Each structure stands twice: as structure tokens, then as C-alpha cells.
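Close look at the chain arrangement
Residues per chain, in single letters:
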Amino acid sequence: VRQFSAETALRVMDDVEGHVQLTASSTRQSLADLEKKLEALSDDARIEAMAEAREAGQRMEAAQAEAARQAAEHLQEQAALRAEVDALRDQLASQQALATA
């Protein structure tokens, strides 16, 4: 009876060891699969962040272009006003010269 029990115990231990190894292998595979999914998510997140950064850069460039356009427009208006002031000064100087003559 003891020998039978010892043989049975050895078989049970072998079965348990095989089950533990199979479970460990399955767990390692599941972990590897999860790591791959995490890397894929990380890649997706990185790609999304890059796209958002690119869009933010484009918005910034557009804002800079608009600011430059407005600055150029203001400079043109300022130049036109200066020309108008200069013309009025010339006209005033001419009128003063005629009045004193």
C-alpha cells in the first residue's frame, strides 16, 4: 500500500508540476501579449501626440502669419497717415507763404 501511495504521490506531483509549468507558460504568453498591446497603445498615443503637436504648430504658424499680416496692414495705414500729414503740412506751409507774401 505504501508503494502504491508513493507512486501515486509521484504521479500527482508530476501532474501538478506539469500544470504549474503550463500555467506559467500561459501566464508568460499572456504577459507578452499584454506588453505588445501596451506598446501598440503607446505607439498610438505617441502618433496621436505627434499629430496634435503638428496641428498646434500649424495653428501657431497661422496665428503668426495673421499677426504679420495685421502688422503689415497697420504699417501701411501708418505710412498713408504720415503721407497725409506731410501733405497737409506742405499745404499749410504753402498757404502761410502766400499769406505773408
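**What to know about the environment of Ser25**
Relative to the elements of secondary structure, Ser25 occurs in helix 1 (residues 2-100). Relative accessible area serves as the criterion here: at 37%, Ser25 is assigned to the partly exposed category. In this structure, the C-alpha to C-alpha distance between Ser25 and Ser42, residues 17 residues apart in sequence, is 25 Å.

**Some details on the pattern of salt bridges**
Scanning the model with the defined rule gives 4 salt bridges in all. Here Glu66 ties to Arg69 by a salt bridge, and the two come within 2.5 Å at their closest N and O atoms. Remark: Arg69 and Glu66 occur in helix 1; sequence separation between them is 3 residues, near one turn of the helix. For Glu66, a relative accessible area of 32% gives the class partly exposed. In this structure Arg69 comes out as partly exposed when scored by relative accessible area, which is 40%. The closest approach of N and O atoms between Arg89 and Asp86, which form a salt bridge, is 3.9 Å. Separated by 3 residues within a single helix, Arg89 and Asp86 lie in helix 1, roughly one turn from each other. Residue Arg89 is classed as exposed on the basis of its relative accessible area, which comes to 56%.

What counts, and where the lines are drawn
Residues numbered from 1 in each chain as written. Predicted model: local features only at pLDDT ≥ 70, side-chain atom pairs only at ≥ 80, totals over all residues. Heavy atoms only, no water. Helix = DSSP H or I, 4+ residues; strand = E, 2+ residues; numbered from the N terminus. Buried < 20%, exposed > 50% of the residue type's maximum accessible area, 1.4 Å probe, protein only. Salt bridge = Lys/Arg side-chain N within 4 Å of Asp/Glu carboxyl O.

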